[in-house]
Amino acid sequence: MKTDNKIMLTGNKAAAWGARMAQVEYVPAFPITPQTEIVETLAQWFADGTLQGKFTNMDSEHSMFMAAGAAAATGVRVFTASSSQGILHGMESLYTITGWRVPLVLVNVSRALATPITLEPDHNDVMSTRDCGLIQLHAETCQEIFDFILIGHKIAENPQVCLPVLVNMDGFYLSFTREPVLIPDKKTILKFLPLFEPVYPVFQASQPMARASAVFGGSTYSYFKMQHNLAAHHAEKVFNDATAEFSELFGRTYEPAEKFHMDDADFVFVMSNSFATKGKAAVLKLRQQGIKAGLLKIRLFRPFPVAFIAQALCGHERVAVIDQNLAPGMGGITYPEIVSSLYPYENRPKKIVSVIGGLGGKDITESDFMSIIDHMKNSDSKTPLYLFDQEDQRAFQRIQKIANVKKEVSSS
Amino acid sequence: MYRIRLHGRGGQGIKTASQILGTAAFYSGYQAQDFPLYGAERRGAPIVAFTRISEKPVLERGPISSPDIILVGDETLLDDPQAAPLCGADESTAVFINSTLETSVLQQQLHLSSSLLKLNLTELCIQHLNKGTVLSTALAAAGARLVGMITLEALLKAVDAELSQQGIGSIQENLNLTKEIFQNLFPVVLKPRKEKTISPSEIILMEQANIEEAAPIILSPGNMILRKTGNWRVQRPEIDYEHCNHCLICYARCPDGAISLGPDDKPEIDYDHCKGCLICAQECPGHFINTVREAGVES
Ligand code: SF4
Ligand code: SF4
């Protein structure tokens, strides 16, 4: 029986283990499906003494994020988690605390946004936090979730960054899926992520200081925003340094984006999160059928690793950016970011198409990947390609039949 | 790779079964992945869970539509169109059913091209655990044996680990149950599945519809009646009309509106929809609602 020190963990449990091994000291919590198992597990560990510090049940995500930011401003290591509607409800606080320039790790368990309401994943929730000044790491596997939480604290707490780091995982497909996760020993983890001792000013008793004052006239506001932007950009270097150290200590290497069978690929899928696993399977199968496919999986989404992505994609003929999100009236949210990253390069791909699929947890099937290949090949294909097929139409019509049979709406 | 799909009802330990199976495979040195699927439903509702076992990393996620092995814990699901436990079964699939019926009888009823196996797990659970309602260990043991690559040692260790983690007692009894099932079944030989070449989806170009159809507007509300939830019941409430004084507290308290008023304001339970929560029985001031085990559910 060769098992190392791996254990079978759901994505949620892997997140809780990440917080545990990072020895977080404060967790403000508010439960929401499919994130609940994370805070439930941490509540248990704080209650039974496995974790030292404070776990507090909050009355909403809005106050939860404020509490997380306030605690981080006192110089303790903070972890929290949310999802979907919870992220939206706390959005004001997210902008507020990133502006405070405080370090913490926040896990988002992706779940599509209402309306209509659902429990299954897509990325509109995490994309809604795209512009609020967080660092974002997107996980494909339960191992990545665990590792990214350690790496996340390291980036967040770097004095040149001082920003919240969001680690994203898909609801259900990762949050409730168990797979083997390697939990390294405490000593090595402490080498990578020592206990948090801030080297910058934090709130302390009898030492008055203020954060987040009002500013007028624009210049002061602009200064702080531009500093925030510089810190977010700098986080890419900090990510690369942190992952290099991580690789040395733990043997797992994380580039800003993972290149899967990219070397000779004529057709490249750009994806993120747990569905990238499906993309990888499709790549292998397509290669068996003689189609040279490859996949680029984005891990670091904020800061956006522009040069890394451009370098990875340039020289390949055709690229499809698969967005599991939708900005109605525009299309996929990451597509323009990829296109603008590539625009300055002369050897950029001939064809860069946008694909929208996986909304509300809808599967992206092998056949869908084949359709995407066809779409990349076809010279006059319109972009975006929306993944919705006959079978989806039939599934919808079955429901519609039940919901909508009354053709006339009575006026009384 | 083995793709295993487990079917049962909320409360029967189907998710735990998929986890025991996953852990046992992992302890046997394989890559494993397990995953339950449940919506916003509750005890008694159909549940499905999945375990993938492979020598190589598992490059799949989510539900399994073409299973190699189907484990049906609750045979009353076989003709439930919503649960559809046999969906996707073909000649390369082995179907295992926890049943009192003979294999030949089941085969006659189901007309499957798959190979069919059965064992009365409920009976074995009653013998070892004194109850036949929780099938987690039994179904996992059956699955582990059919797969073949899982050792008894790894399986026992997995049963111990998963049940201890959930604070479930009677570990020794569960281990004995595991051993007995392991001895009673044999690994199945599956016909290799033909690798299909990938062909594109039939993508449709969606056109704009009128607002009545384009938005989630329900013009025909009250359609929950179409969703028959009666088979979620483990216990059935029965009103003792000889004593009932028509106070209608049960009628007011039923969270599912499954009690209606008959002639003379007599409360009547709609068994097509009653989920068996037994709130009515709790609330009846005179205790005039009896609870009876549903047929097919062992005590
Ligand atoms: S058990 Fe009683 S209260 Fe519960 S659904 Fe059935 S009738 Fe209603
Ligand atoms: S609560 Fe009891 S007594 Fe009252 S109507 Fe219901 S069954 Fe009859």
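Every chain's residues receive numbers from 1 upward, in the order its sequence appears when written. By the order in which they are written, chains take letters starting at A while ligands take numbers starting at 1. The predicted nature of this model means local features are confined to residues of pLDDT at least 70 and side-chain atom pairs, given and counted, to a pLDDT of 80 or more, with totals for whole chains, interfaces and linings taken over all residues. Side-chain numbers come from the whole structure's heavy atoms, not from hydrogens or water.

Q: Give a detailed account of the sheet that holds strand 13 (residues 318-323) of chain A, specifying residues and quantitative values.
A: Residue and element names in this part refer to chain A. We call two strands paired when DSSP finds no fewer than two bridges between them. Secondary structure elements follow DSSP: runs of H or I of four or more residues count as helices, runs of E of two or more count as strands, with numbering from the N terminus. Pairing in this open sheet of 6 strands is mixed, and the strands run 9-11-10-13-14-15 from one edge to the other. Strands at the two margins of the open sheet, each flanked by one partner only, are strand 9 (257-260) and strand 15 (385-386). In this structure, strand 14 (residues 351-356) lies alongside strand 15, joined through 2 bridges in parallel fashion. Pairing of V355 across the sheet is with L385, part of strand 15. Set on the sheet, helix 10 (residues 275-288) makes contact with strand 9, strand 10 (267-272) and strand 11 (293-298); between it and strand 11 the angle comes to about 165°. Between two residues, a contact is recorded if the distance between any of their heavy atoms is within 4.5 Å. Lines fitted to the C-alpha atoms define the axes, with helices restricted to the stretch that makes contact. Angles between their N-to-C directions range from 0 to 180 degrees.

Q: Describe in detail the interface of chain B and chain A, supporting the description with residues and values.
A: How big an interface is tends to be reported as the loss of accessible area on association of its parts. Contact residues are listed per partner, giving 43 residues for chain B and 51 residues for chain A. Buried surface area refers to the total accessible area, computed with a probe of radius 1.4 Å, that the two partners give up upon joining, counted for both partners together. Taken together, both faces of the contact between chain B and chain A bury some 4,000 Å²; the carbon and sulfur share is 60%. Each reported salt bridge corresponds to a side-chain nitrogen of Lys or Arg within 4 Å of a carboxyl oxygen of Asp or Glu. Where chain B packs against chain A, one counts 4 salt bridges. Close ionic contact of D34 of chain B with R178 of chain A constitutes a salt bridge, the shortest N to O distance being 2.8 Å. Two N or O atoms form a polar contact when they lie within 3.5 Å of each other; inside protein one atom must be a possible hydrogen donor and the other a possible acceptor, and for residues adjacent in sequence the pair counts only when both atoms belong to side chains. Summed over the shared surface of chain B and chain A, the result is 21 residue pairs in polar contact (both at pLDDT 80 or more).

Q: Hey, could you go over the sheet that holds strand 5 (residues 104-110) of chain A for me, with residue numbers and the actual values?
A: Residue and element names in this part refer to chain A. Spatial strand order, 4-5-7-6-12: 5 strands in an open sheet with mixed pairing. One side of each edge strand has no neighbouring strand; the edge strands of this open sheet are strand 4 (79-82) and strand 12 (300-302). Strand-to-strand, the axes of this sheet are offset by a mean angle of 25°, without reference to chain direction. In the packing of helix 2 (residues 36-47) onto the sheet, the strands contacted are strand 4, strand 5 and strand 7 (164-170), and the crossing angle to strand 4 comes to about 150°.

Q: Lay out the domain arrangement of chain A in plain terms, naming residues and giving numbers.
A: Residues and elements named next belong to chain A. The domain architecture assigned to chain A consists of domain 1 (5-250) and domain 2 (259-392). Taking only C-alpha atoms into account, the centre of domain 1 sits 28 Å from that of domain 2. Contact with domain 1, which involves 28 residues of that partner, is made by 27 residues of domain 2. A buried area of about 2,300 Å², summed over both sides, lies between domain 1 and domain 2, and 52% of it is on carbon and sulfur atoms. Among the residues domain 1 hides against domain 2, the three largest losses belong to R130, E140 and Y173. Together they make up 27% of the total. The interface formed by domain 1 and domain 2 holds 5 salt bridges in total. In this structure, K297 and E140 form a salt bridge, with 2.8 Å as the shortest nitrogen-oxygen distance. Counting across the domain 1 and domain 2 interface gives 18 residue pairs in polar contact (both at pLDDT 80 or more). Contributing elements (two or more residues each) for the side of domain 1 that touches domain 2: helix 6 (124-127), strand 6 (135-138), helix 7 (142-157), strand 7 and helix 9 (219-250). With 5 residues, helix 9 is the largest single contributor of residues to the side of domain 1 that touches domain 2. Among the residues making up the side of domain 1 that touches domain 2, the classes are represented as 14 nonpolar, 6 polar and 8 charged. For each domain, the first and last residues come from an automatic or database assignment. Under the convention adopted here, Pro, Cys and the residues Ala, Val, Leu, Ile, Met, Phe, Trp and Tyr are nonpolar, Asp, Glu, Lys and Arg are charged, and Gly plus all remaining residues are polar.

Q: So what's going on with the pairing of strand 10 of chain A? Residues and values would help.
A: Residues and elements named next belong to chain A. Each residue is assigned to one of three classes by its accessible area relative to the maximum for its type, calculated with a 1.4 Å probe on protein chains only: buried under 20%, partly exposed between the two thresholds, exposed over 50%. The element strand 10 is extensively covered by neighbouring structure, given that 6 of its 6 residues are classed as buried. The alternating pattern of strand 10 places F267, F269 and M271 and V268, V270 and S272 on opposite faces, both of which are buried. In this structure, strand 10 lies alongside strand 13, joined through 4 bridges in parallel fashion. Its bridge partner lying in strand 13, F269 is registered against A320.

Q: Which residues make up the domain arrangement of chain B, and what values go with them?
A: All names here are of chain B. When cut into domains, chain B gives domain 1 (2-184) and domain 2 (224-293). Carbon and sulfur atoms supply 46% of the area buried between domain 1 and domain 2, which totals about 690 Å² over both sides. Remark: the boundary between domain 1 and domain 2 carries 3 residue pairs in polar contact (both at pLDDT 80 or more). Each residue belonging to the side of domain 1 that touches domain 2 can be placed in one class, and the counts come to 2 nonpolar, 3 polar and 5 charged.

Q: Describe the site of ligand 2, listing the residues and the values that go with them.
A: Neighbouring ligand 2 are 13 residues, the closest being C244, C247, L248, C250 and C284 of chain B. Of the residues that constitute the shell around ligand 2, the class distribution is 11 nonpolar, 2 polar and no charged. Put simply, a residue is near a molecule or strand once any heavy atom of it comes within 4 Å of that molecule or strand.

Q: Give me the lowdown on the site of ligand 1, citing residues and values where you can.
A: For ligand 1, the full set of nearby residues is P237, C254, P255, I259, C274, K275, G276, C277, L278 and C280 of chain B. Within the shell around ligand 1, the residues separate by chemical class into 8 nonpolar, 1 polar and 1 charged.

Q: Can you tell me about the packing of helix 1 (residues 14-27) of chain B against helix 4 (residues 136-147) of chain B, naming the residues and giving the values?
A: Residue and element names in this part refer to chain B. Relative orientation of the contacting elements helix 1 and helix 4 amounts to 40°, with a least axis distance of 8 Å. When the axes of helix 1 and helix 4 are compared, the pair comes out oblique. For the pair helix 1 and helix 4, the crossing hand works out as right-handed. Between helix 1 and helix 4, the contacting residues are I14, T16, A17, I20 and L21 on the first element and S136, T137, L139, A140, G143 and A144 on the second. Grouping the constituent residues of the contact of helix 1 with helix 4 by class yields 7 nonpolar, 4 polar and no charged. In these notes the angle categories are as follows: under 35 degrees is roughly parallel, over 145 is roughly antiparallel, 65 to 115 is roughly perpendicular, and the rest is oblique. For any pair of crossing helices, the crossing counts as left-handed if the nearer helix is rotated counterclockwise from the farther one by less than a right angle, and right-handed if it is rotated clockwise.

Q: Now, about the layout of surface pockets: what can you tell me, with residues and values included?
A: Definitions used for this entry: grid spacing 1 Å over protein atoms alone; cavity, a set of points where a 1.4 Å probe fits but cannot get out; pocket, an open set with protein on both sides within 12 Å along at least 5 of 7 lines; lining residue, one with an atom within 4 Å of a point. Grid points are joined across faces, edges and corners, and a volume is the space filled by probe spheres set on the points. Each pocket or cavity is described by its volume, and for the second largest pocket that value is around 860 Å³. If you trace the second largest pocket, you find 33 residues lining it, with T10, K13 and E37 of chain A together with Q19 and Q165 of chain B closest to the centre. Those elements that place two or more of their residues in the lining of the second largest pocket are strand 1 (6-10), helix 1 (11-21) and helix 2 of chain A together with helix 1 and helix 5 (152-165) of chain B. Residue composition of the lining of the second largest pocket, grouped by class: 13 nonpolar, 13 polar and 7 charged.

Q: Got a sec to walk through the pattern of salt bridges? Specific residues and values, please.
A: Enumeration over the complete set of coordinates arrives at 32 salt bridges over all chains. Salt-bridge contacts for R52 of chain B lead to E60 of chain B; the nearest nitrogen and oxygen are separated by 2.8 Å. Take R52 of chain B: its relative accessible area is 2%, and that puts it in the buried class. One network of salt bridges, with partners in common, ties together E140, E144, E258, K280, K297 and R299 of chain A.

Q: I'd like a description of unusual backbone geometry, backed by residues and values.
A: For residues besides glycine, phi is generally negative; the peptide bonds are generally trans as well. Residues and elements named next belong to chain A. Cis rather than trans, the peptide bond between A114 and T115 has omega equal to 10°. Tracing the backbone through its elements, the reader meets T115 in the loop between strand 5 and helix 6. With omega at -5°, the peptide bond leading from T115 into P116 counts as cis. A positive phi angle, near 60°, is found at R101, a position not held by glycine. Inspection of the secondary structure puts R101 in the loop between helix 5 (91-100) and strand 5. Since its relative accessible area comes to 21%, R101 is described here as partly exposed. With phi around 50°, C162 is a residue other than glycine that occupies positive phi space. Structurally, the position occupied by C162 is in the loop between helix 7 and strand 7.

Q: How would you explain the packing of aromatic side chains if you had to name every residue and give the values?
A: Only Phe, Tyr and Trp rings take part, Trp by its six-membered ring, and two of them pair if their centres are within 6.5 Å. Stacked means planes under 30 degrees apart, edge-to-face means over 60, and tilted covers everything else. The full count for this structure, using the stated rule, is 15 aromatic pairs over all chains. Pairing Y223 of chain A with F224 of chain A gives two aromatic rings, centres 5.6 Å apart and planes at 70°, and the pair type is edge-to-face. Three or more aromatic residues joined by ring pairs form one cluster here, namely F148, F192, F246, F250 and Y254 of chain A. Two conditions define a charge sitting above a ring: the NZ of Lys or the CZ of Arg must be within 6 Å of the ring centre, and it must be within 35 degrees of the ring normal. Sitting above the plane of the Y271 of chain B ring, R236 of chain B keeps its charged end 4.3 Å from the centroid. Residue placement shows K266 of chain B over the ring face of Y241 of chain B; its charged tip is 4.5 Å from the ring centre.

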